[in-house]
Amino acid sequence: MKVRFAPSPTGYLHIGNFRTALVNFLFARKNNGHFMLRIDDTDQERSFIEYENAIKEDLSWMNIGWDSLEKQSSRLSCYDNALQILLNKKRAYPCFETADELSLKRKSQLSSGKPPIYDRSSLKLSDSEIADLKSKGKKPHYRFLLNHIDVNWDDLVKGQSKYNMSNLSDPVILREDGRVIYTLASVVDDIDFAVTDILRGEDHMTNSAAQIQLFEALGSSSPRLGHLSLLTDISGEGLSKRLGSLSLKDLRQEGFQPMAISSLLSKVGTSDTIDIFKNINQIINDFDINKFGKSKPKFDKVELLNLNSKFFQLVKFDDISDQLNTLDIEITIEFWNLIKGNINTFNDIKFWWNIVYGKIKTINDDHEFTHLALKTLPNDSFDKNTWSTWTSLLMKESGRKGKDLFKPLRLCLTGQNNGPEMANLVLTMGRQKIVERLNNND
RNA sequence: GGUCCCUUCGUCUAAUGGUUAGGACUCAGCCCUUUCACGGCUGCAAUAGGGGUUCGAAUCCCCUAGGGAUCACCA
């Protein structure tokens, strides 16, 4: 069993693309199959190596490893062969309309209320007419001749599906400039690399119907097909329209963790509860393509943030120390255990580091109280009882208790309304820093 | 405009003709912690609308409304 993820290197991976990659990867791993990464770079005008590298980088960051890599740009001759086969079988035919003519035709069809389907006028051309046009220097593009019948398939996600092909234009498979079009290239690759299952977005539904006929015309049969419902943003709008801050690259910069992203994307839209997983193997174990529903799930960044926090609470110091080493500050296990319950994103680590070790703006609007706090602060070396010793004494001296006692201390020492356990914080912070903060009477 | 798909608490969904319509997240409240968070408990909250079929409909049928996808010499 073999699946593929086939991005075109025309932009950065966003949360929607990546979900398709992840589902393919999980499906393969769950079934001991092969996960192929295929770079669909036949559109030379829009494809860039920078994007290809970025896609690989993103996948690697997400711990999605591929078992093989192919690039369509290195397989162009295969596509020419396939076109010849189709031509011989009379399932492909040359067309001579210009792009402008076609676009004009579509517009007039649309404005007269008709579906903008290609009228097959080039199909009516005789061999001599074709030869004549070619001799005049006209270069043809080629279309695949569809059979106007119902195409049926049992979709891995959608169940029994059918599409009537008379609602579709014969797809262009080779451009006037000789470059292959995705519709054909994809099918040729899937045949040559023996792909058994295609999982992709439901935006490919009509492509799939046409491609099923293409598989058959090329003497093969269609792989199993599954069409995932497209992710939308929280208001129900498609993600692709405004993928601004939803690229993997941006999420990484914002401090989101791969496991939080994968945990969410492997479960959103399924009947399972969304929760954080510790590692990718757990996600694989729990994966089931049958649990994906037909309606469009919403991607909620708040939900992602919650999972992200949970990840930090769960992760062991040893398992994250490599990542912590990428920061230009030293993170001890003591510090990590102190703050791990209070961080939402990776970037919060540095935020707390500054609070504990660095310089911050604190909030101190009760100088009488902080003066008293300074006075009662134990002089001997700090231990785990220091906090309770200190606050007990301070309680007696100030007559305060509960929130009135603790909140000003927290604010003065950290500048924050909430944060780690004060007893631990004080211990990690040390006496000198505390004195400095209590004296910060501006 | 044609075609296809979708619609259950705010969110993700369960319930494939008989349930007090269940769970999870969020939210609210309480408990715990001499503060916040974590955790525990409790609670709020849904079958898009209208017609049928049936003893009985979230579930089957029809209509309406809303949303999405697609209809490229992009992928």
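Residues numbered from 1 in each chain as written. Chains lettered and ligands numbered in written order. Predicted model: local features only at pLDDT ≥ 70, side-chain atom pairs only at ≥ 80, totals over all residues. Heavy atoms only, no water.

Along chain A, the regular secondary structure elements total 19 helices and 10 strands. Its C-alpha atoms give chain A a radius of gyration of 31 Å, more than 25% over the compact-globule value 22 Å for 442 residues. Considered along the principal axes of its C-alpha atoms, chain A spans approximately 105 × 45 × 35 Å. Buried positions account for 48% of the 442 residues belonging to chain A. Within chain A, contacts between residues separated by at least 24 positions form 73% of all contacts whose residues are at least 6 apart in sequence. Taken as a whole, chain A presents about 21800 Å² of accessible surface, with 48% of it coming from carbon and sulfur. Taking the average place of the 58 positive charges on the side chains of chain A and the average place of its 58 negative ones, the gap between the two points comes to 3 Å. (Helix = DSSP H or I, 4+ residues; strand = E, 2+ residues; numbered from the N terminus. Rg over C-alpha atoms; globule rule 2.2 N^0.38 Å. Buried < 20%, exposed > 50% of the residue type's maximum accessible area, 1.4 Å probe, protein only. Contact = heavy atoms within 4.5 Å. Areas by Shrake-Rupley, 256 points an atom, 1.4 Å probe, with all protein chains shown as cover. Lys, Arg positive; Asp, Glu negative; His and termini not counted. Charge placed at Lys NZ, Arg CZ, Asp CG, Glu CD.)

Turning to the side chain of Arg 437, a few remarks are in order. Here Arg 437 lies in helix H19 (residues 431-438). Of the side chains with opposite charge, Glu 436 comes closest to the buried, unpaired Arg 437, at an N-O distance of 4.8 Å. Of note is the side chain of Arg 437, whose polar atom sits 2.7 Å from the backbone oxygen of Gly 358. (Salt bridge = Lys/Arg side-chain N within 4 Å of Asp/Glu carboxyl O. Polar contact = N/O pair within 3.5 Å; in protein donor to acceptor, adjacent residues only side chain to side chain.)

This brings us to the sheet that holds strand E8 (residues 172-174). Read from one edge to the other, the open sheet built from three strands follows the order E4-E5-E8, with strand pairing classed as antiparallel. Here the strands that pair on one side only, and so sit at the sheet edges, are strand E4 (92-95) and E8. The average angle at which neighbouring strand axes cross in this sheet is 45°, direction not considered. In the sheet, strand E5 (residues 141-144) pairs with E8 via two bridges, with the strands oriented antiparallel. Opposite Arg 143, over in E8, you have Val 172 as the bridge partner. (Pairing = 2+ DSSP bridges. Axes fitted to C-alpha atoms, helices over the stretch in contact; angles between N-to-C directions.)

Right, let's get into the pairing of strand E7 (residues 159-164). Pairing of strand E6 (residues 150-155) with E7, which is carried by six bridges, proceeds in the antiparallel orientation. In the strand pairing of E7, Asp 155 is matched with Gly 159. The loop that links E6 with its antiparallel partner E7 comprises three residues.

Look at helix H7 (residues 205-217): 19 Å from first C-alpha to last across 13 residues, which is about the 18 Å you get at 1.5 Å a residue. Buried within H7 are the following residues: Ser 208, Ala 209, Ala 210, Gln 211, Ile 212, Gln 213, Leu 214, Phe 215 and Ala 217. Within two residues after H7, Gly 219 carries a phi angle of roughly 75°, on the positive side. (Expected span 1.5 Å × (residues − 1).)

This part covers the packing of helix H3 (residues 76-88) against helix H6 (residues 182-192). Relative to each other, H3 and H6 sit at 100°, their axes nearing to 10 Å. In terms of orientation, H3 and H6 fall into the roughly perpendicular class. Two secondary-structure elements touch here, H3 through Cys 78, Tyr 79, Ala 82 and Leu 86 and H6 through Leu 184, Ala 185, Val 188, Asp 189 and Asp 192. In the contact of H3 with H6, the residues fall into seven nonpolar, no polar and two charged. (Parallel < 35°, antiparallel > 145°, perpendicular 65-115°, else oblique. Nonpolar A, V, L, I, M, F, W, Y, C, P; charged D, E, K, R; others polar.)

Next up on the list: the packing of helix H15 (residues 367-376) against helix H16 (residues 386-398). Here H15 crosses H16 at 130°, and the two axes come no closer than 9 Å. Considering the angle they form, H15 stands oblique to H16. Where H15 crosses over H16, the two elements pack in a sense that is right-handed. Residue-level inspection shows Phe 369, Leu 372, Ala 373, Lys 375 and Thr 376 of H15 in contact with H16, the latter providing Trp 390, Leu 393, Leu 394, Glu 397 and Ser 398. (Left-handed = near helix turned anticlockwise from the far one by under 90°.)

The next subject is the confidence of the model for chain A. Mean pLDDT over chain A works out to 90, with 98% of the residues at or above the 70 mark. Interface predicted TM-score (ipTM) for the complex: 0.91; the corresponding pTM is 0.93. (pLDDT = per-residue confidence, 0-100.)

What follows is about the side chain of Thr 232. As for its placement among the helices and strands, Thr 232 is situated in the loop between strand E10 (224-228) and helix H8 (248-253). In contact with Thr 232, other than residues within four places in its own chain, are Glu 237, Gly 238, Leu 239, Lys 296, Pro 297, Lys 298 and Phe 299.

With that settled, consider the layout of surface pockets. It is a probe the size of a water molecule, rolled over the atoms, that shows where empty space is left. Put simply, the largest pocket is a space of about 1100 Å³. The wall of the largest pocket is formed by 42 residues, among which Ala 6, Ser 8, Asn 17, Asp 203 and His 204 lie closest to the centre. Every element with two or more residues in the lining of the largest pocket is listed here: strand E1 (2-5), helix H1 (15-30) and strand E9 (197-201). Sorting elements by how many residues they give to the lining of the largest pocket places H1 first, with five residues. Along the lines of polarity and charge, the residues of the lining of the largest pocket split into 15 nonpolar, 18 polar and nine charged. (1 Å grid on protein atoms, 1.4 Å probe; cavity = no way out; pocket = protein on both sides within 12 Å on 5 of 7 lines; lining within 4 Å. Points joined across faces, edges and corners; volume = space filled by probe spheres on them.)

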